[in-house]
Amino acid sequence: MRLTRNKVKDHHIKYIFVTGGVLSGLGKGVISSSIGKILQLTGLNVSCVKIDPYVNYDAGTMNPVAHGEVFVTCDGGECDMDIGNYERFLNIELSRDHNITTGRIYSEVIDDERQGKYLGQCVQIIPHVTDAIKNKLRKISIQEDLDILVIECGGTVGDIESLPFLEAFRQMKLEEGDYNTLFVHVTLAPILDVVGEQKTKPTQHSVQELRRIGINPDLLVIRCKNILSDDARRKISLFANVNSNCVFSCHDVKSIFLVPEILAEQGIVSIIDNKLSLQNLFIKWSNWKLIAKSFSEYSKEVYVAIVGKYVSLPDSYVSVYQSLSHAAAKLGNKLEVAWIDSEKFDTPTKEKISVLKKFDGILIPGGFGKRGSEGIINVANFAREANIPFLGICFGFQLSIVSFARNVCGIVNANSTEIDPNTCDPVVEFMPEQKTINNMGGTMRLGSHKILINSNTLASKIYSNNFIIRRHRHRFEFNKNYLSVLSKNGMILSGFSDNEKRTEILEIPNHKFYFAVQYHAEFDSRPGKPEQAFEAFIQNASLKS
Ligand code: GLN
């Protein structure tokens, strides 16, 4: 959606920097996305970048339980989960370049140094690393013809590793001009139970820390439980040296998609408009408010079990949860999710596994490695036998094949070579292309691939098309030597990619809903426009018995 550049009076690209203080996990990603969304709704061409100051090259090798989901971009980038927030809020697709890490910046600087590009200079954090950071941000804005780029810096102000990035932001204000840069600082106003008053001191200290490194915030967004009191706002304004109309309350709301509205109601548009010298911006909400409202208006509940390996941190499956909630909101359902560790069902008794009977649907998301895999296989089997709507994704797809092969086709030793490398019946095996790969980072089958869908199948009904394009992240795949035995026993393999080489979709007829996919359907779901497999799953789950 590119409406206009003439709203930007001076035709200059504008940069909005979002930093955070006090503690991490404040929801900076949602706030950055919301600011981006509001500006997009005024007709500007907006995009977002996430900076992760850790040294990893990308998020691909990071533990999802510690860091949250690895979000995959269409071009195969393994990114921080905030990229998913940006895509969902702004309804855009981002490239891997929108996630910048210290590792990426340093490896580029070092490559350049090795190629002799610094012509004998001593390569330093300032100016060489900061230049590399600034160049990256400018390049994205120019290449994508943006009006506004929102740049979120992960971590909290005061972290050693984020210093070069904050220094680059500081320099950009000088170089791009005051009217072309805006600094947003996100902090927390906690309430101590005994006193019940919103505390402003952490914000004061965090702003001081930001100032110490040369950045004066233009706008403060304060996360709080209840709406920020006038008293707290006044105090923050005075001590942080920010006008009180530039102190925004970002209190808890029923859905993250309501955040753009609460910021807009407090006048954020005119503040940004004035500071960035824009042209009397006006928000055209179109259907956004209705979509946001749909997340808090429902008639009945749908209760879904997510059975996976990384359930101790729901953020490890944030896109899966989001996709379910998009589907539930669209269909007028209240989504209730139970996070269940698959390891619990590794050696289940009949009674133990039948606790899953109470769910309207069972979803098995992606995962890696042996731990908890037998539990997944058992749950995939239980959902089939108990006729409970079932959706499997990636690992969930692969292990529902193992479960079907063992329990329906009688191939008792069927397995994935990821779990048992010596299995005599490798129904899921290492992709041949993967065999020569040694490095772990960025080497899976990643990103978007086209999938052809067979006609007269559930998949063709769900997608109303004979092809889809979806994102991937895997090293193992269904072994097609077992296709005929699975088909003979009633499983329908209905989607294929890479010239029929790879199997992407399975379904079991005469079941309420049994559908599993090799691709990560969850990365293509949007509020108001759920990914179709999720929508069909929730629709069937909500029918109850
Ligand atoms: N571990 C499996 C593979 O590598 C599944 C990956 C996933 O679920 N993303 O193929």
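Just so you know, these numbers come straight off a predicted model, no measurement behind them.

Asks: Where do I start with the packing of helix H5 (residues 125–143) against helix H6 (residues 163–176) in this structure?
Replies: Two quantities define a packed helix pair, namely the angle between the axes and the distance from one axis to the other. Remark: H5 packs on H6, axes separated minimally by 9 Å, with the N-to-C direction vectors making an angle of 70 degrees. The angle between H5 and H6 falls in the class roughly perpendicular. Once H5 is placed against H6, the crossing between them reads as right-handed. For the pair formed by H5 and H6, the contact residues are Ile-125, Ile-126, Val-129, Thr-130, Ile-133, Lys-134, Leu-137 and Arg-138 on the first element and Pro-164, Phe-165, Glu-167, Ala-168, Phe-169, Gln-171, Met-172, Glu-175 and Glu-176 on the second.

Asks: I'm lost on the pairing of strand E7 (residues 181–188) in this one. Help?
Replies: The two faces of the sheet receive side chains in turn, since in a regular strand these alternate between them. Taking burial as the measure, the eight residues of E7 include eight buried ones, the bulk of the element. What you see with E7 is no split at all: Thr-181, Phe-183, His-185 and Thr-187 on one side and Leu-182, Val-184, Val-186 and Leu-188 on the other are buried throughout. As paired elements, strand E1 (residues 14–20) and E7 share six bridges and run parallel to each other. Note on E7: the bridge partner recorded for Phe-17 is Phe-183. Inspection of the sheet shows E7 paired to strand E8 (residues 219–224) by five bridges, in the parallel sense. Considered in E8, the bridge of His-185 is made with Leu-220.

Asks: How should I be thinking about the packing of aromatic side chains in this particular structure?
Replies: The description of an aromatic ring pair rests on the distance of the ring centres and on the angle between the ring planes. Applying the stated criterion across every chain, the model contains 16 aromatic pairs. Each ring, one from Phe-17 and one from Phe-169, has its centre 4.4 Å from the other, and the planes form 25 degrees; the classification is stacked. Of this pair, Phe-17 sits in strand E1 while Phe-169 sits in helix H6, and the two are 152 residues apart along the sequence. Neither residue differs from the other here; Phe-17 and Phe-169 are each classed as buried.

Asks: When you look at the state of the cysteines in this model, what are you seeing that I'm missing?
Replies: Cysteine pairs can be linked by a disulfide, which is a covalent bond between their two sulfur atoms. Tallied over the entire structure, the rule returns zero disulfides. Free cysteine Cys-79: the closest other cysteine sulfur is in Cys-74, separated by 11 Å.

Asks: Where do I start with the packing of helix H4 (residues 102–114) against H5 in this structure?
Replies: Where H4 meets H5, the axes come as close as 10 Å, and the angle between the chain directions of the two elements is 115 degrees. One finds that H4 runs roughly perpendicular with respect to H5. Pair H4 / H5 crosses with right-handed handedness. Residues Arg-104, Ile-105, Tyr-106, Glu-108 and Val-109 of H4 form the contact with H5, whose participating residues are Ile-125, His-128, Val-129, Ala-132, Ile-133 and Lys-136. When its residues are assigned to classes, the contact of H4 with H5 shows seven nonpolar, one polar and three charged.

Asks: Explain the site of the ligand to me, please; I cannot follow it from the model alone.
Replies: Taken together, Gly-366, Gly-367, Phe-368, Cys-394, Phe-395, Gln-398, Glu-418, Arg-473, His-474, Arg-475, Phe-476 and His-520 make up all the residues around the ligand. Side-chain polar atom of Glu-418 to a nitrogen atom of the ligand: 2.8 Å apart, as the coordinates give it. For the ligand, an oxygen atom lies 2.8 Å from a polar atom in the backbone of Phe-476. When isolated, the ligand has an accessible area of 290 Å², and the protein chains bury 98% of it. Those elements that place two or more of their residues in the shell around the ligand are helix H15 (395–407) and strand E17 (467–474). Considered class by class, the residues forming the shell around the ligand number four nonpolar, five polar and three charged.

Asks: Can you walk me through helix H18 (residues 532–542) in this structure?
Replies: In an α-helix, one turn spans 3.6 residues; hence positions three or four apart end up facing the same way. A large share of H18 lies buried, amounting to eight of its 11 residues. Every buried residue belonging to H18 is among Ala-533, Phe-534, Glu-535, Ala-536, Phe-537, Ile-538, Ala-541 and Ser-542, and all of these are buried. By the N-cap criterion, in which a side-chain oxygen at the helix start approaches the backbone nitrogen of a residue two or three places on, H18 is capped by Glu-531, the distance to Ala-533 being 2.7 Å. Immediately downstream of H18, the backbone of Lys-544 shows phi near 50 degrees, a positive value.

Asks: Even after reading the chapter, I still don't get H4, so can you show me in this structure?
Replies: Compared with an ideal rise of 1.5 Å per residue, which puts 13 residues at 18 Å, H4 spans 18 Å between its outermost C-alpha atoms and is within 8% of the ideal. Listing the buried residues of H4 in full gives Thr-102, Gly-103, Arg-104, Ile-105 and Val-109. As for H4, its buried residues are in contact with strand E2 (46–52), strand E5 (99–101), H5 and H6. Two residues or fewer past H4, Gly-116 is found with a positive phi of approximately 80 degrees.

Asks: Just to check I follow, could you spell out the pairing of strand E12 (residues 361–364) for this structure?
Replies: With burial as the criterion, each face of E12 is covered, one bearing Gly-361 and Leu-363 and the other bearing Ile-362 and Ile-364. Bridging between strand E10 (residues 300–308) and E12 involves three bridges; their strand directions are parallel. Note that in E12 the partner of Val-304 across the bridge is Gly-361. Bridging between E12 and strand E13 (residues 390–393) involves three bridges; their strand directions are parallel. Within the sheet, the bridge partner assigned to Ile-362 lies in E13 and is Phe-390.

Asks: Even after reading the chapter, I still don't get the sheet that holds strand E15 (residues 425–430), so can you show me in this structure?
Replies: Hydrogen bonds along the backbone pair up the strands of a sheet, which may run parallel or antiparallel. Strand order in the open sheet formed by three strands is E14-E15-E18, with mixed pairing between adjacent strands. The open sheet has two edge strands with one neighbour each: strand E14 (414–416) and strand E18 (476–478). Within the sheet, the average angular offset between the axes of one strand and its neighbour, ignoring direction, is 30 degrees. Relative to E15, E14 runs parallel, the two sharing three bridges. Across the sheet, the residue bridging to Ser-416 is Val-428, located in E15. Along the sheet face, H15 touches E14, E15 and E18 and points at about 170 degrees away from the line of E14.

Asks: Sorry, what's going on with the sheet that holds strand E21 (residues 514–517) here?
Replies: Spatially, E11-E10-E12-E13-E21-E20-E19-E16-E17 is the arrangement adopted by the nine strands of the open sheet, whose pairing is mixed. Whereas interior strands pair on both sides, the edge strands pair on one side only; in this sheet they are strand E11 (333–341) and E17. Between one strand axis and the next, the sheet turns by 25 degrees as a mean value, whatever way the strands run. Contacting E12, E13, E17, strand E20 (502–507) and E21, H15 runs over the sheet at an angle of about 115 degrees to E13. Sheet strands touched by H18: E10, E11, E12, E13, E17 and E21. Its angle to E10, the strand with the most contacts, is close to 120 degrees.

Asks: Even after reading the chapter, I still don't get the environment of Asp-524, so can you show me in this structure?
Replies: Residue position: Asp-524 is located in the loop between E21 and H18. In this structure Asp-524 comes out as buried when scored by relative accessible area, which is 18%. Between the alpha carbons of Asp-524 and Phe-248 there is a distance of 31 Å; along the sequence they are 276 residues apart. Those residues in contact with Asp-524 that lie beyond four places of it in its chain are Glu-93, Ile-469, Arg-470, Arg-471 and Glu-531.

Thresholds applied
Residues numbered from 1 in each chain as written. Predicted model: local features only at pLDDT ≥ 70, side-chain atom pairs only at ≥ 80, totals over all residues. Heavy atoms only, no water. Axes fitted to C-alpha atoms, helices over the stretch in contact; angles between N-to-C directions. Helix = DSSP H or I, 4+ residues; strand = E, 2+ residues; numbered from the N terminus. Parallel < 35°, antiparallel > 145°, perpendicular 65-115°, else oblique. Left-handed = near helix turned anticlockwise from the far one by under 90°. Contact = heavy atoms within 4.5 Å. Buried < 20%, exposed > 50% of the residue type's maximum accessible area, 1.4 Å probe, protein only. Pairing = 2+ DSSP bridges. Phe/Tyr/Trp six-rings, centres within 6.5 Å; stacked < 30°, edge-to-face > 60°. Disulfide = S-S within 2.5 Å. Nonpolar A, V, L, I, M, F, W, Y, C, P; charged D, E, K, R; others polar. Near = heavy atom within 4 Å. Polar contact = N/O pair within 3.5 Å; in protein donor to acceptor, adjacent residues only side chain to side chain. Areas by Shrake-Rupley, 256 points an atom, 1.4 Å probe, with all protein chains shown as cover. Expected span 1.5 Å × (residues − 1).

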